[in-house]
Structures are given as structure tokens and as C-alpha cells.
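Letter by letter, the chains look like this.
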Amino acid sequence: VTLLEQNPRWRLVPRGQAVNLRCILKNSQYPWMSWYQQDLQKQLQWLFTLRSPGDKEVKSLPGADYLATRVTDTELRLQVANMSQGRTLYCTCSGTGGGNERLFFGHGTKLSVL
Amino acid sequence: QQKVQQSPESLSVPEGGMASLNCTSSDRNFQYFWWYRQHSGEGPKALMSIFSDGDKKEGRFTAHLNKASLHVSLHIRDSQPSDSALYFCAASGSGYNKLTFGKGTVLLVSP
């Protein structure tokens, strides 16, 4: 059973252009949603955790700037801007947000720079 | 400094053999340790967790934790070609859903 739907699955992003990603939660029993990035060397890194509709956060990392928004109880969005290196963005969910609970990952959105 | 370090970077074992993966943390705030597995083209999936000192066995997989040394290991017995994947050690302390991952170990099980 798929808990998370991420789209698009792959995007070619012209240098300097922003891209908007979307993640839909399919099971409301796992309301804690987060974004993780995986770089070209396969390193995974936590970006954001957004629990409630209306939550917004921004972050700048080497190679990209991020703006994350929890739109509704079931939708999480991520805007990626100023990307200079490709990466894959994963949406995750869990039931309580605690470190003692497993995270479920989506299939990911792979971004490549044109 | 990488807070979660994994070794080896890659490992090759024959089918039916034992694979041993290692992980060391440098942050004593970490309380929960996980192993995640990622097959090519897919998102990572949680394999097993370990929170207390000692061994935890789940089928062919055994995890070991030594909190004093912050060392975690994963042992896979009777390795199968389907076990070939990228294995991540991950640790969590405070912070909702915030896992810190190691760089991963590539496991190749050859038939």
C-alpha cells in the first residue's frame, strides 16, 4: 500500500529556475510529514518537518534553496530554487514524529540541472 | 564532522554468506538507531531499529548496539541476491522525524 504520492517523479530544471514539488499523504494515520534530500553521492539529509496546515519553513543548503509548506492535512509542498547540483527529494511520513518510530519514504522526485 | 559514520563503504559477499555492516556515532544525544535499506530507483525503507544495549534479531537480520561506545552493527546471515542494496545507519535524538544518516554501505550479494 502506497502511503505517499510524490510528483513529478523526475524533472529537468533549467539553471536559475525554481521548481515546485508536491507530496500527497494517502493515510491520515501518519500525519507527521517531512522532506529529505539525497545528493548525488547518495547522502541523505533531513530538511524539514511540518505537522500542521499553514506551517512554512525556509532553508538554504549548498546547491539549493528550499521553501516548504504544509498546505493541508494531506498535502506537503516544496519549492526548490537556485539549484546548482542535481538531487532527489523524498517526502516522508510517520505516526507520532518520535525518533522511535520508523519513517515511510515516498518514491522521490529526482531533479537534474539543465 | 559526520555524526554517523559507516563502514565499509562497500561489501561483496557470496550468496548464503554473512554480511556485517558497522556504524559509529559521535553524538551522545542520539537515543534511537535504525537501519534503512535502499534498492536502486526506490526510496529508503526501514529495515529494523535498536534502542537498547545488546542484540535484536529479526529473521536473517541481527542488529547490535553498544551505547557506551555508540557502536551499532547489522549482520545479515544467509545473504540473498535480493539483499543487494545501499544500507544506511540512521540515528535520532530530539527533533521530530529528524534522522541523521550515515553515508551508506553498498552491499552486493553474488549468486
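For the structure itself, consult the block above.
This part takes up the environment of A:Arg87. Residue and element names in this part refer to chain A. Looking at the secondary structure, you find Arg87 in strand E9 (residues 87–94). A relative accessible area of 4% means that Arg87 is categorised as buried. For Arg87, the residues in contact, after removing those within four places along its chain, are Gln37, Gln38, Asp39, Leu40, Pro62, Gly63, Ala64, Tyr66, Thr109, Lys110 and Leu111.

Summed over the entire model, instances satisfying the criterion amount to two disulfides over all chains. The residue that forms a disulfide with A:Cys23 is A:Cys91, at a sulfur-sulfur distance of 2.0 Å. Because the torsion about its S-S bond is -75°, the bridge between A:Cys23 and A:Cys91 counts as left-handed. Here the residue A:Cys23 occupies a position in strand E3 (residues 19–25), and A:Cys91 occupies one in strand E9, the gap between them amounting to 68 residues. Classification of A:Cys23 by relative accessible area gives buried; the value is 0%. Note that B:Cys23 is cross-linked by a disulfide to B:Cys89, the S-S spacing being 2.0 Å. The sign of the S-S torsion, about -70°, decides the handedness of the disulfide formed by B:Cys23 and B:Cys89: left-handed. Here B:Cys23 is found in strand E3 (residues 19–25), whereas its partner B:Cys89 is found in strand E9 (residues 85–92), with 66 residues between them in sequence. Looking at A:Cys93, it has no disulfide partner, and the nearest cysteine sulfur is the one in A:Cys91, 6.9 Å off.

The next subject is the sheet that holds strand E6 (residues 54–58) of chain B. All names here are of chain B. Spatially, the five strands line up as an open sheet ordered E1-E3-E8-E7-E6, and their pairing is antiparallel. The strands lining the two open edges of the sheet, one partner per strand, are strand E1 (4–7) and E6. Each adjacent strand pair in this sheet contributes to an overall mean axis angle of 15°, direction not counted. Across five bridges, E6 lies against strand E7 (residues 61–66) in antiparallel orientation. The residue bridging Lys56 from the neighbouring strand is Ala63, located in E7.

Here we come to the sheet that holds strand E8 (residues 75–81) of chain A. The strands making up a sheet associate through backbone hydrogen bonding, with each pair oriented either parallel or antiparallel. All names here are of chain A. If you walk across this open sheet you meet the five strands as E1-E3-E8-E7-E6, and the pairing is antiparallel. Each edge of the sheet is formed by a strand with only one pairing partner; in this case those strands are strand E1 (4–7) and strand E6 (56–61). Neighbour to neighbour, the strand axes of the sheet diverge by 15° on average, direction disregarded. Pairing geometry for E6 and strand E7 (residues 64–70), over six bridges, is antiparallel. Bridge pairing links Val58 to Leu67 in E7.

Residues and elements named next belong to chain A. A surface patch of nonpolar side chains, amounting to about 340 Å² of accessible area, comprises Trp10, Leu12 and Leu114. Along the chain, the position of Leu114 falls in the segment after strand E11 (109–113). With a relative accessible area of 60%, Leu114 lands in the exposed category.

In this section: the interface of chain A and chain B. Between chain A and chain B, the residue contacts involve 24 residues of the former and 22 residues of the latter. At the boundary of chain A with chain B, total buried surface from both sides reaches about 1,800 Å², with 55% on carbon and sulfur atoms. On the surface where chain A and chain B come into contact, there are 15 residue pairs in polar contact (both at pLDDT 80 or more). When residues of the side of chain A that touches chain B are traced back to their parent elements, those giving at least two are strand E4 (32–39), strand E5 (44–50) and E9 of chain A. In terms of residue count, the dominant contributor to the side of chain A that touches chain B is E4(A) (five residues). For the side of chain A that touches chain B, the per-class residue count stands at eight nonpolar, 12 polar and four charged.

What counts as what
- Residues numbered from 1 in each chain as written.
- Chains lettered and ligands numbered in written order.
- Predicted model: local features only at pLDDT ≥ 70, side-chain atom pairs only at ≥ 80, totals over all residues.
- Heavy atoms only, no water.
- Helix = DSSP H or I, 4+ residues; strand = E, 2+ residues; numbered from the N terminus.
- Buried < 20%, exposed > 50% of the residue type's maximum accessible area, 1.4 Å probe, protein only.
- Contact = heavy atoms within 4.5 Å.
- Disulfide = S-S within 2.5 Å.
- Pairing = 2+ DSSP bridges.
- Axes fitted to C-alpha atoms, helices over the stretch in contact; angles between N-to-C directions.
- Patch = residues over 30% accessible without salt bridge, like charges linked within 9 Å, V, L, I, M, F, W, Y side chains within 5 Å.
- Areas by Shrake-Rupley, 256 points an atom, 1.4 Å probe, with all protein chains shown as cover.
- Salt bridge = Lys/Arg side-chain N within 4 Å of Asp/Glu carboxyl O.
- Buried area = accessible area lost by both parts, 1.4 Å probe.
- Polar contact = N/O pair within 3.5 Å; in protein donor to acceptor, adjacent residues only side chain to side chain.
- Nonpolar A, V, L, I, M, F, W, Y, C, P; charged D, E, K, R; others polar.

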